[in-house]
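Structure at a glance
Here are the chains, one letter per residue:
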Amino acid sequence: MGNLIVKNTKLQDVKLITPMVFGDHRGFFTETYSDRDFKEMGINFSFIQDNQSLSANAGVLRGLHFQRGKAAQTKLIRVVTGVVWDVIVDIRTGSPTYKQWEGYVLSENNHRQLLVPRGYAHGFLTLTDNVNFVYKCDNYYSAEADGGISFKTPELNINWPINLDEVVTSEKDASQPSFTEFEEHNPFVYGEI
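This report concerns the structure included in the present document. Note that the structure is predicted; figures quoted are calculated from it, not measured. (Residues numbered from 1 in each chain as written. Predicted model: local features only at pLDDT ≥ 70, side-chain atom pairs only at ≥ 80, totals over all residues. Heavy atoms only, no water.)

Quick look at the side chain of S53 now. By the secondary structure assignment, S53 is in strand β5 (residues 49–55). On the basis of relative accessible area, S53 is assigned to the buried category, the value being 16%. Excluding its chain neighbours within four sequence positions, the residues that come into contact with S53 are R62, F124, V131, N132 and F133. (Helix = DSSP H or I, 4+ residues; strand = E, 2+ residues; numbered from the N terminus. Buried < 20%, exposed > 50% of the residue type's maximum accessible area, 1.4 Å probe, protein only. Contact = heavy atoms within 4.5 Å.)

Set out below in structure tokens:
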């Protein structure tokens, strides 16, 4: 049980995880995932898909994304190279932290991982060039269940550390609905996913 430091965050069911890192003059070694160690810490998910993205430049913003219905995903996120400002928003109606967001610096140097449960919208902003971003999912991706919320949505008042007119993003992410528009058809209910 001593291989992980697990901290609860202010957001319901979200955990910040720091694995032990062993370094010397050659570099370092860390065990990024051990099913046994995670289960000993009360983190019981069966991850079945790994994803990786590369953002070549600082200022790339991806998100806010989620999967609906039976395709909803819990994610275990980490950064292999570079630094990101990672943002999650609780979108589960009835949750004690509904409509609240929190941001975390995840980097190749701090080795922190973020456990994002089902029912959270997720996005990140690259703070450096050459960001390799990887995450495990407990459910397969479904294009039909893909959903999103605008990273600029004023209802959430997310404190992104860059002028949003200067970010590089996809057309899809630039045209996501506001939180108010999303709420009209919100499929997530706390305790039911």
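Past the structure itself, the notes keep going.
So, on to empty space enclosed by the protein. The final tally for this structure, using the stated rule, is one cavity of 30 Å³ or more. Counted as a void, the largest cavity has a volume near 80 Å³. Lining the largest cavity we find 13 residues, and of these F66, Q67, Q73, K75 and Y120 sit closest to its centre. Listed by contribution, the elements that provide at least two residues to the lining of the largest cavity are β6 (61–67) and β11 (120–126). With three residues, the top contributor of residues to the lining of the largest cavity is β6. (1 Å grid on protein atoms, 1.4 Å probe; cavity = no way out; pocket = protein on both sides within 12 Å on 5 of 7 lines; lining within 4 Å. Points joined across faces, edges and corners; volume = space filled by probe spheres on them.)

Looking now at the sheet that holds strand β12 (residues 131–137). Within a sheet, neighbouring strands are paired by backbone hydrogen bonds and run either parallel or antiparallel to one another. The strand order β1-β2-β10-β7-β12-β5 describes an open sheet built from six strands, whose pairing is antiparallel. Where the open sheet ends on each side, the last strands, each with one partner, are β1 (4–8) and β5. The average angle at which neighbouring strand axes cross in this sheet is 20°, direction not considered. Of the strand pairs in this sheet, β5 and β12 are connected by seven bridges, and their pairing is antiparallel. Opposite N51, over in β12, you have Y135 as the bridge partner. (Pairing = 2+ DSSP bridges. Axes fitted to C-alpha atoms, helices over the stretch in contact; angles between N-to-C directions.)

Let us now look at the packing of aromatic side chains. Scanning the entire structure with this criterion turns up eight aromatic pairs. Ring centres of Y33 and F38 lie 4.8 Å apart, and the angle between their planes is 45°; on these two criteria the pair is classed as tilted. In this structure Y33 comes out as partly exposed when scored by relative accessible area, which is 25%. Of the residues examined, F38 reaches a relative accessible area of 1% and is grouped as buried. One aromatic cluster is present, formed by Y33, F38, F45 and F47 through successive ring pairs. (Phe/Tyr/Trp six-rings, centres within 6.5 Å; stacked < 30°, edge-to-face > 60°.)

In this section: unusual backbone geometry. Residue G63 is joined to L64 through a cis peptide bond whose omega torsion reads 5°. Structurally, the position occupied by L64 is in strand β6. Positive phi outside glycine occurs at N130, with the angle close to 55°. Within the element layout of this structure, N130 appears in the loop between β11 and β12. For N130, a relative accessible area of 42% corresponds to the partly exposed category.

With a probe scaled to a water molecule rolled over the atoms, the places where space remains empty come into view. Roughly 390 Å³ of volume is contained in the largest pocket. Taken together, 19 residues line the largest pocket, and the ones lying closest to its centre are H65, K75, Y135, Y141 and D146. Of all elements in the fold, only β5, β6, β11, β12 and α2 (171–174) reach the threshold of two or more residues within the lining of the largest pocket. If one sorts the elements of the lining of the largest pocket by residue count, β6 sits on top with four residues. Of the residues assigned to the lining of the largest pocket, the class counts are five nonpolar, nine polar and five charged. (Nonpolar A, V, L, I, M, F, W, Y, C, P; charged D, E, K, R; others polar.)

Per the counting criterion, the structure on display carries nine salt bridges. When the shortest N-O distance is used, the salt bridge between R92 and D13 registers 2.9 Å. Linking R92 in the loop between β8 (83–90) and β9 (101–107) with D13 in the loop between β1 and β2 (15–19), this pair joins segments that are 79 residues apart in sequence. Take R92: its relative accessible area is 3%, and that puts it in the buried class. In this structure, R92 engages D90 in a salt bridge whose closest nitrogen and oxygen atoms are separated by 2.9 Å. Taken individually, R92 and D90 each receive the classification buried, so the pair is uniform in this respect. Residues participating in the shared-partner salt-bridge network are D13, D90 and R92. (Salt bridge = Lys/Arg side-chain N within 4 Å of Asp/Glu carboxyl O.)

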